Amino acid sequence: MAPAELPALSDEQRSFWKDLGRTLKGLVVRKKDSKPVSIPEAELAALFETGFPLPIGSFPKERLRDTFKAARGRHKKHHAIDLGAPRGTPILAVCDGTIERLGRDRRGGIVVYHRDATGRFVYYYAHLRRYAPGLRVGDRVRKGQMIGEVGTTGRSSGPHLHFAIFRDVEAPNPWKGLVVNPYLVFSALVGGK
C-alpha cells in the first residue's frame, strides 16, 4: 500500500509541529532500542489532527496513565498503553482505515492490526476476547466502529486493552520499526488529566 499524500503545512504550522516534536521527548522511539527519533512534521500533524477517540469509549480519561516506558524484562519497554476495562467491553477503531492482520500472538493473545488511511501508522490492539462478528483482513473500518471486545488472552494479568501505535511505511513489518507513545497522543487529544 502506497502512503497517501499528506496535506501541505504552512510555515507557521510546520514550526508548531517541529516545536511539539522537540518538546515531547520520546513521543516516537525505535522499537529495538527505545532511542528517540523524529518523524516529519506533516506526519505529526496528520496523526494529531485525526482526532481519534480512545479505543474504549467508556474509559475514564482521568485514569489515563503513561506506561510507554515501563520495563518489560531486562532490556524491553512496554511501548504501549494499557486501558483496563471489564471483559467484553467494546473496542473501537481509532480512525478510518483497513484491517491489516487478525491473529493470535504469544504475548498479545488475540490481536488486531489496523492501518490508517494515510498508510503511515498501524494501530495494534491486543488481549482481545474476540473480534467483532464478521471482521476480516482487508475490511475497511470507520472511526468509532466496534472491532473487538476486551479480554485477557495472551500474557495478561486481567482484562484490559494493550494499545500501540507503530510507524514505518518502508518496513515489511511496521510493528518492528518505530513506535509512538499513545499516552502523549491521547492526553493531548482529551486535554490531559
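Source: prediction; values computed, not measured.

For residues that are not glycine, phi is negative in most cases, and the peptide bond is trans in most cases. Of note, Ser-34 is a non-glycine position whose phi angle comes to about 60°, a positive value. Positionally, Ser-34 belongs in the loop between β1 (28-30) and α2 (41-49). Here Ser-34 falls in the partly exposed class, since its relative accessible area comes to 25%.

This part takes up the packing of aromatic side chains. For the coordinates displayed, the defined rule picks out five aromatic pairs. Judged by centre distance (6.0 Å) and plane angle (10°), the ring pair of Tyr-123 and Phe-163 falls under stacked. Placement of Tyr-123 in strand β6 (residues 121-131) and of Phe-163 in strand β9 (residues 160-167) is noted, with a sequence separation of 40 residues between them. Judged by its relative accessible area of 1%, Tyr-123 is buried. Seen from their ring centres, Phe-163 and Phe-186 are 5.6 Å apart, and the 35° between their planes marks the pair as tilted.

Burial of β9 is extensive: eight of the eight residues sit out of reach of the surface. Judged by which residues are buried, β9 turns out to be covered on both faces: His-160, His-162, Ala-164 and Phe-166 on one side and Leu-161, Phe-163, Ile-165 and Arg-167 on the other are all buried. Looking at chain direction, strand β2 (residues 81-84) and β9 are connected through four bridges and run antiparallel. Looking at β9, one finds that Gly-84 is bridged to His-160. For β6 and β9, the ladder comprises six bridges, and the chain directions are antiparallel.

What counts as what
All residue numbers refer to position in the chain's written sequence, counted from 1. pLDDT decides what is reported in this predicted model: residues at 70 or higher carry local features, side-chain atom pairs at 80 or more are listed and counted, and totals for whole chains, interfaces and linings draw on all residues regardless. Think of the side-chain values as coming from all heavy atoms in the structure, minus any hydrogens and water. Helix numbering and strand numbering both begin at the N terminus, where a helix is a DSSP run of H or I of at least 4 residues and a strand a DSSP run of E of at least 2. For each residue, the accessible area found with a 1.4 Å probe, counting protein chains only, is set against the maximum for its type, and the residue is called buried under 20%, exposed over 50%, and partly exposed in between. Put simply, two rings from Phe, Tyr or Trp (the six-membered ring, in Trp's case) pair if the centres are within 6.5 Å, and we call them stacked under 30 degrees between planes, edge-to-face over 60, tilted for the rest. Any two strands between which DSSP finds at least two bridges are classified as paired.

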